[in-house]
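As a plain string of letters, each chain reads:
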Amino acid sequence: MTEERVSRIERETGETNISLDLAIDGTGKGTIHTQVPFLTHMLELFKKHGFFDLTVEGKGDVEVDDHHLTEDIGICLGRALREALLDKAGIKRYGSFSLPMDETLVTVAVDLSDRPHLEWRADLPASKVGTFDTENVHEFFWKLALEARMNLHIVVHHGTNTHHIIEAIFKATARALDEATQIDPRIQGIMSTKGSL
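First things first, this report covers the structure right here in the doc.

Procedures and definitions
- Along each chain, residues carry numbers from 1 onward, in the same order as the chain's sequence is written.
- Given that this is a predicted model, residues contribute local features only at a pLDDT of at least 70 and side-chain atom pairs are listed and counted only at 80 or more, while totals for whole chains, interfaces and linings are drawn from all residues.
- Excluding hydrogens and water, the side-chain values take into account all heavy atoms of the structure.
- Labels follow the DSSP assignment, with helices taken as runs of H or I lasting at least four residues and strands as runs of E lasting at least two, numbered in each case from the N terminus.
- Helix span, expected: 1.5 Å multiplied by one less than the number of residues in the helix.
- Between buried and exposed lies partly exposed: a residue is buried under 20% and exposed over 50% of the maximum accessible area for its type, with that area taken using a 1.4 Å probe on protein chains only.
- Under this definition, polar contacts are N or O atom pairs within 3.5 Å; protein pairs additionally need one hydrogen-donor-capable and one acceptor-capable atom, and for neighbouring residues in sequence, both atoms have to be side-chain atoms.
- For two strands to be treated as a pair, DSSP must find no fewer than two bridges joining them.
- All axes here are fitted lines through C-alpha atoms, helices being fitted over the stretch that makes contact, and every angle between N-to-C directions spans 0 to 180 degrees.
- Throughout, a residue-residue contact means that at least one pair of heavy atoms, one from each residue, lies within 4.5 Å.

We now examine helix α4 (residues 162-180). Over its 19 residues, α4 runs 27 Å from end to end, which matches the ideal 27 Å to within 8%, given 1.5 Å per residue. Extensive coverage of α4 is indicated by the burial of 16 of its 19 residues. At the N-terminal end of α4, a side-chain oxygen is found 3.0 Å from the backbone nitrogen of H163, two or three residues along, and the residue is N161.

What follows is the structure, encoded as structure tokens:
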């Protein structure tokens, strides 16, 4: 019987308290509860478009700002992804997706290589979307890439609406990860001539 690709991460600090459950081979189910409404919305989109079952309960010092909770959820999601991939045997490893959203076009490419890197080519025109500081988007994806130990390239080709740009980034990342995490029956062992990732 194939081992389930699931993970549960719990993180409690003086700034945040987070529990996160991830199933890679899901259908987009789960509930997201954070104290950052815009981030909650983005994570809902992420699980839906990546076909990940994802449940997040996150609380933090949002009376200060949204930074700590946003960053720590990125950390937890990255760790969960890395754990749930087990030894990475049979996965495609690479994935990319170009996603249009009205005037915006975003491409995201990933390599689940065990080499963390974020290439961020994204200009966010507005500093806030509602009450959310948009600089936290970079922080989220950098921590996601770091903890998942993956190459993550995010390129915004064009776009003027900051909400559209961020939404397209989350959706395209989900789609790229859905592709990269898929099991390909043609792959024997690890998708690397080195024999490990």
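Text resumes after the structure shown.
So, on to the sheet that holds strand β2 (residues 16-23). Pairing between the strands of a sheet comes from backbone hydrogen bonds, and it takes one of two forms, parallel or antiparallel. Taken in spatial order, the 4 strands line up as β1-β2-β4-β3 in an open sheet, and their pairing is mixed. The open sheet has two edge strands, β1 (6-12) and β3 (32-34), and neither has a second partner. Neighbour to neighbour, the strand axes of the sheet diverge by 5° on average, direction disregarded. Taken together, the 7 bridges between β1 and β2 define a ladder with antiparallel strand orientation. Paired with R11 across the two strands is I18, which belongs to β2. Packed onto the sheet, helix α1 (residues 37-50) meets β3 and β4 (53-60) and runs at close to 160° relative to β3.

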